[in-house]
Amino acid sequence: MSQLPAEPAARPKQKAAGAGHMLRGALASLVQVVLAAGIGLAIGAIMMNATGYDWKEAYHALWIGSFGDRWGLFDTLADATPLILTGLTFGLCFRAGYFNIGAQGQMIIGALVAVAVGSSLGGVPTLVAVPLVVLAAGIAGAIWSMPAALLKVTRGVHEVISTIMFNWIAIYLSGYLVFNVMIDPRSAERTVRVAENVRMSALLPGADATSALFISVFIAVFFYWLLYHSPWGYEMRVAGFSHDALRYAGANPMRAVNVTFLLAGLASGIAGATQIIGRPPTYALYGDLSNLGNFGFDGIAVALIGRSHPLGTILAAVFFGALSTGARMMQIIAGVPLDMIRVVHGVVIVALAAPELWSILRRSISRRVASRTAPAASGPAAGKGAQQ
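Parameters at a glance
- Residues numbered from 1 in each chain as written.
- Predicted model: local features only at pLDDT ≥ 70, side-chain atom pairs only at ≥ 80, totals over all residues.
- Heavy atoms only, no water.
- Helix = DSSP H or I, 4+ residues; strand = E, 2+ residues; numbered from the N terminus.
- Buried < 20%, exposed > 50% of the residue type's maximum accessible area, 1.4 Å probe, protein only.
- Contact = heavy atoms within 4.5 Å.
- Areas by Shrake-Rupley, 256 points an atom, 1.4 Å probe, with all protein chains shown as cover.
- Axes fitted to C-alpha atoms, helices over the stretch in contact; angles between N-to-C directions.
- Left-handed = near helix turned anticlockwise from the far one by under 90°.
- Expected span 1.5 Å × (residues − 1).
- Bend = angle between axes of the 7 residues up to and from the residue.
- Polar contact = N/O pair within 3.5 Å; in protein donor to acceptor, adjacent residues only side chain to side chain.
- Pairing = 2+ DSSP bridges.
- Salt bridge = Lys/Arg side-chain N within 4 Å of Asp/Glu carboxyl O.
- Patch = residues over 30% accessible without salt bridge, like charges linked within 9 Å, V, L, I, M, F, W, Y side chains within 5 Å.
- Phe/Tyr/Trp six-rings, centres within 6.5 Å; stacked < 30°, edge-to-face > 60°.
- Arc of directions from axis to C-beta.
- Core = buried A, V, L, I, M, F, W, Y, C linked by side-chain atoms within 4.5 Å.

Enquirer: Teacher, can you tell me more about the overall build of the protein chain here?
Expert: Each helix and strand counted, the protein chain has 13 helices and 2 strands in total. Counting only residues that meet the buried cut, the protein chain has 46% of its 388 residues in that class. Long-range pairs, those at least 24 residues apart, make up 75% of the contacts in the protein chain with a sequence separation of at least 6. A total of about 19,400 Å² of accessible surface is found on the protein chain, and carbon and sulfur atoms cover 68% of it.

Enquirer: Would you mind going over the packing of helix α4 (residues 103-118) against helix α5 (residues 126-155) with me for this structure?
Expert: When two helices pack together, their arrangement is given by the angle between the helix axes and by the axis-to-axis distance. Interhelical geometry of α4 versus α5 gives an angle of 145 degrees and a closest axis separation of 8 Å. When you trace α4 past α5, the crossing you get is right-handed. On α5, the residues touching Gly105, Gln106, Ile109, Gly110, Val113, Ala114, Val117 and Gly118 of α4 are Val133, Ala136, Ala137, Ala140, Gly141, Trp144 and Ser145.

Enquirer: Quick question: what am I supposed to make of helix α12 (residues 310-332) here?
Expert: Each full turn of the α-helix corresponds to 3.6 residues, which orients residues three or four apart in the same direction. Across its 23 residues, α12 extends 34 Å between first and last C-alpha, which sits within 8% of the 33 Å expected from 1.5 Å per residue. The sharpest bend along α12 comes to roughly 35 degrees, located at Gly326.

Enquirer: Teacher, can you tell me more about the side chain of Asn100 here?
Expert: Positionally, Asn100 belongs in the loop between α3 (70-95) and α4. In this structure Asn100 comes out as buried when scored by relative accessible area, which is 1%. Only 2.9 Å separates the side chain of Asn100 from the backbone nitrogen of Gly102, close enough to count as a polar contact. Setting aside residues no more than four positions away along its own chain, Asn100 makes contact with Thr89, Phe90, Cys93, Gln106, Glu159, Thr163, Phe261 and Ala264.

Enquirer: Before we go on, may I ask you to explain the pairing of strand β2 (residues 187-191) in this structure?
Expert: Along any regular strand the residues' side chains alternate between the sheet's two faces. Pairing of strand β1 (residues 183-184) with β2 involves 2 bridges; the strand directions are antiparallel. By the bridge assignment, Asp184 is partnered in β2 with Ser187. Connecting β1 to the next strand, β2, in antiparallel fashion are 2 residues.

Enquirer: Looking at this structure, how should I read the pattern of salt bridges?
Expert: In total, this model carries 6 salt bridges according to the counting rule given. Asp75 is the partner of Arg328 in a salt bridge, and the nearest nitrogen-oxygen pair spans 3.6 Å. Of this pair, Arg328 sits in helix α12 while Asp75 sits in helix α3; the two residues are 253 residues apart in sequence, bridging distant segments of the chain. With relative accessibility at 43%, the residue Arg328 sits in the partly exposed group. Judged by its relative accessible area of 22%, Asp75 is partly exposed. Across the salt bridge formed by Asp208 and Arg279, the nearest N and O atoms sit 4.0 Å from each other. Here Asp208, found in the loop between β2 and α7 (212-229), pairs with Arg279, found in the loop between α10 (253-277) and α11 (295-305); they are 71 residues apart in sequence, far enough to count as distant. The partly exposed category is assigned to Asp208, whose relative accessible area is 24%. The exposure class of Arg279 is buried, given its relative accessible area of 17%.

Enquirer: Looking at this structure, I do not really get a nonpolar patch on the surface. What am I missing?
Expert: Judged by side-chain polarity, Trp63, Ile64, Phe67, Leu73, Ile332 and Ile333 come together as a nonpolar surface patch covering roughly 550 Å² of accessible area. With 3 residues, helix α2 (residues 55-67) is the largest single contributor of residues to the nonpolar patch. Mapped onto the elements of the fold, Trp63 is located in helix α2.

Enquirer: Honestly, the packing of aromatic side chains in this entry has me stumped. Any pointers?
Expert: Scanning the entire structure with this criterion turns up 11 aromatic pairs. Ring pairing ties together the aromatic residues Phe90, Phe94 and Phe99, which thus form one cluster.

Enquirer: Sorry if this is basic, but what is going on with α7 here?
Expert: For α7, with 18 residues, the first-to-last C-alpha span of 25 Å sits near the 26 Å given by 1.5 Å per residue. Where α7 is concerned, the buried positions are Ala212, Leu213, Ser216, Ile219, Ala220, Phe223, Leu226 and Leu227. Buried residues of α7, seen end-on, are gathered within an arc of 150 degrees and therefore sit on one face of the element. Opposite the buried face of α7, at more than 90 degrees from it, the exposed residues are Phe214 and Phe218.

Enquirer: Teacher, can you tell me more about the nonpolar core here?
Expert: General note: in soluble globular proteins, nonpolar side chains tend to be found buried as a group. Ranked by internal contacts, the top residues of the largest apolar core, which has 92 residues, are Met48, Leu112, Met236, Ile276, Ile277 and Leu285. The biggest single contributor to this core is α10, with 11 residues. Excluding anything up to four places from it in sequence, Ile277 contacts Val130, Val133, Val134, Val194, Val198, Arg199, Met200 and Tyr283.

Enquirer: Sorry, what's going on with the environment of Val344 here?
Expert: Relative to the elements of secondary structure, Val344 occurs in helix α13 (residues 338-387). Residue class for Val344 comes out buried when judged on its relative accessible area of 2%.

Enquirer: Any chance you could explain the environment of Ile360 here in plain terms?
Expert: Tracing the chain through its elements places Ile360 in helix α13. For the pair Ile360 and Gly97, spaced 263 residues apart in sequence, the C-alpha to C-alpha distance is 9.9 Å. Residues contacting Ile360, with those up to four places away along its chain left out, are Phe94, Phe99 and Leu304.

Pasting the structure below:
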């Protein structure tokens, strides 16, 4: 009883120790990322030099194209906008112990719903129409992610298999809807355009970056708060280590799976909406999905580079967007062919993602070892308990 008054004084010390630990971890991760980026860029320079291209001029052109002026900067941010959201999709599920690679399909469904809703809201005030489209696309992406979650918790189907399956379903479904239901009579290769009052305003007149960037950053910050400052986020992170531990803590693993996939699908669905109402000049969905690109799959690399952390995902998405926009200037100024640029980008991305990939592999091995040793350790103990 006499020790109880000392408890309030101990709490600030515990909080300070926890903050110091988090700061040291963040600095260590930053150093790791910088070293990995340096190694990747060095290998890329060696490869360009060996094939007869000036690596200094190429990297200078990369910088000019992505951050050299305001147009390059806003193009970089435009590419980063959907990548933040698809990176959050994979990163959030990975934190909960799942490999959700269905962001591409969920993004396609979100884009389809954005076209359907956005093209029917002509005359509605922009402050009402834009949130309605974003919300509808997010809900559609969340619903599309649920079959994978339900198959996981009810039948044990691995989420990689189910999300790949639903990616293909979304691709073929979009082809049917674009060319048979939503087709624009004046342009057969795309859907009808969304109403003008639904289109997001550009951050700079003539630039591709729009206010959709603020939505992406807001969702990333919200996911950070959810993961590290809320009970639901605690359940997600515990589920990523052990479902048994989550049950012991009194939580329901099935709820953790469903909430995780719902939020992940929500992010990817909104990513699809940002490419329809927040990416000029198309404001429609092409039948070949060219204006959606591979942002869903690229989000996996973004999450790995950002260490599956919501705030790290923002920085990783900007870096990934810079590689994409700077590639044009590498061709124009330095004369580096596109194939070599893609090889260099791939080397840099692999170097940056390698530490997180190693962490995933190490964690998977430790889990398998623990699952194999647990029955052997519990057997003798159970036998002694029965004898007693």
